[in-house]
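Descriptive analysis of the structure
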Amino acid sequence: MDLILQFLHNTGFFLADYRNLIMIVIGSFFVYLAIHKNYEPLLLLPIGFGVILGNIPFFKGFGIGIYEANSVLHYLYFGVTSGVYPSIIFLGLGAMTDFSFLLANPKLMLLGAAAQMGIFFTYLCALALGFTAPEASSIGIIGGADGPTSIFLTAKLAPHLIGPIAIAAYSYMALIPIIQPPIMLLLTSKEERLIRMPNMREVSRKEIIIFPVVGMVLCTFLAPASIPLLGPFFFGNILKESGVVDRLANTARTAIIDTATILVGLTVGASTQGDVFLNAKSVGIFLLGAVAFSIATASGILFAKFMNLFLKNKINPLLGAAGVSAVPGSAREVHMMGQREDRTNFLLMHAVACNSSGVIGSAVCAGILWSFLIG
Amino acid sequence: MFGLEAIAHNNGWTIAVTGAGIVFTGLATLSFVISQLHKVVSLLDRPPKATVEVVIEEKIAIWEPPDCPNDADLAVKLYQPLIDELPPEFDLADLYILAKKYHLPHPHLSIRCLQDAGKLKSLGEGIFRFHA
C-alpha cells in the first residue's frame, strides 16, 4: 500500500500545479493554431508540443526537467543557451535566400533598416518599465521579428529570459496575419496600396556570387558581434549561389535547418515551465514584444512613405512592412494586401527583397546591442 | 528605477540613437555598394581592347620535284606512279601527257633518261613496257 501511495505521490496528477495546467492549455492552443489554422506550423507545432512537454509535472531532482543538470532536455537546451541553434538556422536560411531581388533594387534595403527602429524604440520602453539594459535589449530585439536572432541575443545578454522572449518572438512571427494588416491599412491610403513596382532588372550570376562576400565583410566589419549569425548566413548563401556544391546547399536548406528548427522549437517550448515562466516579467515581455513588432512594421511603412517624397518612381509603402525579418511570412502578407486592392499587382518579389534586408538588419542590430552591453 | 530616469540612467538615449544610426548607415552603405556592383561586374566583363593582329602567312610548302633528268633512279621514283595509272603496255605519248598533267619537270629528258637506263622497253609502234 505504501508503495502505491508513494507511486501516486510521484505522478503528475499529484504534483500538478495550476501554472503547469495553464501552460498546457497554452501549448495545446499553439498546437491547435499550427494544425487547424495553419499558422506558421513549422514553428508553432514544435513549440506548442514543447510547452506541453515542459509542463508535465515531475519529481524534481531526478534529472528530468530542462533546468536540471544532466537531463536529456538540458543537453538539448544547450544549443539554445549557447547560441548554437540560431547560427545553424541562419546557415540554412542563407542557403534558402535569394538576394537577386534585393540586388535588382538595392534601395529596398533601406526599408529593412527602417523596420529595425522598432527594436530601439522597444529597448527604450523596456528600460522605462524597469528592465535592466541587457534585458531591455533582449526584449527590443523581438521587434526584428526574428526568432533565432532573439534567442541568440537573449542567450548572450539575459539567459534567464530565453523562454518568454523566444516564445514571444516566435508567436508574433506566427501572428503576422493578425498583427500586420491593420497597421498597413491604418498607415496607407488606397492609392498608395495600388502603386505598382517597376519590373526588376536581370541580375548577373557574378553579382549574386559576389554579394555574400561583400555583404558579410561589410556587415561584420561594422558589427563584429554579428559574426555568429551573419557568417553562417552568408556562407549558406554562397553555398547556394556558387552552384558547385549543390549537395551541401541542399543539406543546409533541408536537413540541417529542419533539425535545428525541431530542436529549438521543442526545447524553447519545454523551457516554459509554469513555475519559471508565468510571472509578471513574462507578461511584460509579451506586451512589449507586441509593441516592438507593431512599431517595426509601422516604421518600415512610414519610411517608405518618406522615401516617396524624394523618389520619381514611387515605392509601394506596403513593402515597408516586409522590412521586418519574418521570412517569408511578412512578404506574403504584403503581397496579399496588395492583391486585395488590385489582383494584378504582384509585390511578392519586392517584399522578399525587403525581408532579406530585414534579416541582415536585425542580425546587425543584435551585434550592435551585444557590443554596447558586453562590457 | 522607472520611466525617463531609468532610460537616462542606463544610457538608453545614446545607445538607441547610436545603434539606430549605425544600423541605418551600415545598410545604406551596403545598399550603395550593391547598387554599384553591376557596374564593377560589367567592368570585369568588358571584352579586351581590340588589337590589330598581324597574321603572318606561312608560306605553303609546295613540293617541287628535283630538277635532275639525268638521274635514272629519281626518274623511276617520279614516274612509277604515273606508269601505274597506265596499262602494262602503253603508248609513250600517254606517259608524256600524264607527266605534263602532273607538272613534272622536263618530261622529254626524263623519259629519255628512263629509256637510256633500260627502264622503258620498246615493243614497237610507239608501245612501251616499264621494267622497274
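Residues numbered from 1 in each chain as written. Chains lettered and ligands numbered in written order. Predicted model: local features only at pLDDT ≥ 70, side-chain atom pairs only at ≥ 80, totals over all residues. Heavy atoms only, no water.

1. Digging into the packing of aromatic side chains
Residues and elements named next belong to chain A. Going by this rule: Whether two aromatic rings pair depends on their centres lying within 6.5 Å, for rings of Phe, Tyr and Trp, where Trp uses its six-membered ring; planes under 30 degrees apart make the pair stacked, over 60 edge-to-face, and the rest tilted. Here a strand is any run of E in DSSP of at least two residues, a helix any run of H or I of at least four, and the numbering for each starts at the N terminus. Think of it in three bands: with a 1.4 Å probe and only protein chains considered, a residue is buried below 20% of the maximum accessible area for its type, exposed above 50%, and partly exposed in between.
Counting across every chain of the model gives 14 aromatic pairs over all chains. When the ring of F152 is compared with that of W370, the centres are 5.6 Å apart and the planes differ by 90 degrees; the resulting orientation is edge-to-face. Taken together, the positions of F152 in helix α11 (residues 147-157) and W370 in helix α21 (residues 348-374) put the pair 218 residues apart, joining distant regions of the chain. Considered together, F152 and W370 belong to a single accessibility category, that of buried residues. Aromatic ring contacts, followed pair by pair, group F90, F99, F211, F233 and F234 into a single cluster.

2. A few points about the pairing of strand β2 (residues 120-124) of chain B
Residues and elements named next belong to chain B. Cut-off, in case you're wondering: For two strands to pair, DSSP has to find at least two bridges joining them.
Pairing geometry for β2 and strand β3 (residues 127-130), over four bridges, is antiparallel. Note that in β3 the partner of G124 across the bridge is I127. Here β2 folds back onto β3, and the loop between the two strands holds two residues, one of which, E125, carries a positive phi near 55 degrees.

3. Digging into the packing of helix α15 (residues 205-222) of chain A against helix α16 (residues 227-242) of chain A
All names here are of chain A. The cut-off we apply is this: In this analysis an axis means a line fitted to C-alpha atoms, helices contributing only their contacting stretch, and an angle means the value between N-to-C directions, from 0 to 180 degrees. Here the word oblique covers every angle except those under 35 degrees (roughly parallel), over 145 (roughly antiparallel) and from 65 to 115 (roughly perpendicular). Throughout, a residue-residue contact means that at least one pair of heavy atoms, one from each residue, lies within 4.5 Å. Here the nonpolar group is Ala, Val, Leu, Ile, Met, Phe, Trp, Tyr, Cys and Pro; Asp, Glu, Lys and Arg are the charged ones; every other residue, Gly included, is treated as polar.
Where α15 meets α16, the closest approach of the two axes is 9 Å, and the angle between their N-to-C directions is 170 degrees. Comparing their axes, α16 and α15 come out roughly antiparallel. Residues R205, I208, I209, F211, P212, V213, G215, M216, C219 and T220 of α15 form the contact with α16, whose own contacting residues are I227, L230, G231, F234, N237, I238, E241 and S242. When its residues are assigned to classes, the contact of α15 with α16 shows eleven nonpolar, five polar and two charged.

4. Observations regarding the interface of chain A and chain B
Rule in force here: We define a salt bridge as a side-chain nitrogen of Lys or Arg found within 4 Å of a carboxyl oxygen belonging to Asp or Glu. Identification of polar contacts relies on pairs of N or O atoms within 3.5 Å, with a donor-acceptor requirement for protein atoms, meaning one able to donate a hydrogen and the other able to accept it, and with residues adjacent in sequence counted only if both atoms are side-chain atoms.
Counting residues at the interface gives 40 residues for chain A, matched by 29 residues for chain B. For the pair chain A and chain B, the interface holds zero salt bridges. Counting the contacts that link chain A with chain B gives two residue pairs in polar contact (both at pLDDT 80 or more). Of all the secondary structure elements, the ones that give two or more residues to the side of chain A that touches chain B are α7 (100-104), α8 (109-114), α9 (117-128), α15 and α21 of chain A. Considered class by class, the residues forming the side of chain A that touches chain B number 29 nonpolar, seven polar and four charged.

5. As for the pattern of salt bridges
Residues and elements named next belong to chain B. Following the criterion strictly, the structure yields twelve salt bridges over all chains and no others. In this structure, R112 and D116 form a salt bridge, with 3.6 Å as the shortest nitrogen-oxygen distance. Note that R112 and D116 are positioned in helix α5 (residues 107-116) at a spacing of four residues, about one turn of the helix. Judged by its relative accessible area of 51%, R112 falls in the exposed class. A relative accessible area of 59% means that D116 is categorised as exposed.

6. Observations concerning α5 of chain B
Residues and elements named next belong to chain B. Spelled out, the test is: In this context, the arc is that of the directions from the helix axis out to the C-beta atoms.
Listing the buried residues of α5 in full gives P107, S110, I111, C113 and L114. The buried residues of α5 occupy an angular sector of 155 degrees when the element is viewed end-on, so they sit on one face. Facing away from the buried side of α5 by more than 90 degrees, the exposed set consists of H108, L109, R112 and D116. Looking at the buried positions of α5, the neighbouring elements they touch are α3 (72-85), α4 (92-101) and β2. Among the residues trailing α5, G118 stands out with phi positive, at a value near 75 degrees.

7. Let's talk about the sheet that holds strand β1 (residues 89-91) of chain B
All names here are of chain B. Spatial ordering of the open sheet is given by β1-β3-β2, a layout of three strands whose pairing is antiparallel. The open sheet terminates on both sides in strands that have one partner only, identified here as β1 and β2. Recorded for the sheet is a direction-independent mean angle of 40 degrees between the axes of neighbouring strands. With respect to the sheet, α4 is in contact with β1, β2 and β3, its orientation differing from that of β1 by roughly 70 degrees.

8. Observations concerning the packing of helix α4 (residues 41-54) of chain A against helix α17 (residues 246-270) of chain A
All names here are of chain A. Applicable threshold: Crossing chirality is assigned from the near helix's rotation relative to the far helix, an anticlockwise turn below a right angle marking it left-handed and a clockwise turn marking it right-handed.
The interhelical angle for the contact between α4 and α17, taken along N-to-C directions, is 40 degrees, at an axis separation of 6 Å. When the interaxial angle is binned, α4 and α17 end up oblique. Handedness of the α4/α17 crossing: right-handed. Between α4 and α17, the residues in contact are L42, L43, P46, I47, F49, G50, V51, L53 and G54 and T261, I262, G265, L266, G269 and A270, respectively.

9. Looking at a nonpolar patch on the surface
The line we're drawing: Exposure above 30% relative accessible area and the lack of any salt bridge qualify a residue for a patch; like charges then connect within 9 Å, and the nonpolar side chains Val, Leu, Ile, Met, Phe, Trp and Tyr within 5 Å. Accessibility throughout is a Shrake-Rupley quantity obtained with a 1.4 Å probe, and a residue counts as covered only by protein chains that appear here.
Residues M1, I4, L5, F7 and L8 of chain A make up a contiguous nonpolar surface patch of roughly 560 Å² in combined accessible area. Tracing the sequence through the fold places F7 of chain A in helix α1 (residues 2-9).

10. Side note on the pairing of β3 of chain B
Residue and element names in this part refer to chain B. Here β3 shows a buried face lined by F128 and F130 and an unburied face lined by I127 and R129. As defined by bridge partners, β1 adjoins β3 across three bridges and the pair is classed as antiparallel. Each residue of the ladder has a partner; that of F90, found in β3, is F128.

11. Some words on the environment of H74 of chain A
All names here are of chain A. Among the secondary structure elements, H74 is positioned in helix α5 (residues 72-81). Remark: the alpha-carbon pair of H74 and A304, spanning 230 residues in sequence, is separated by 45 Å. If we skip the residues at most four places from it in the chain, H74 touches I66, Y67, E68 and A69.

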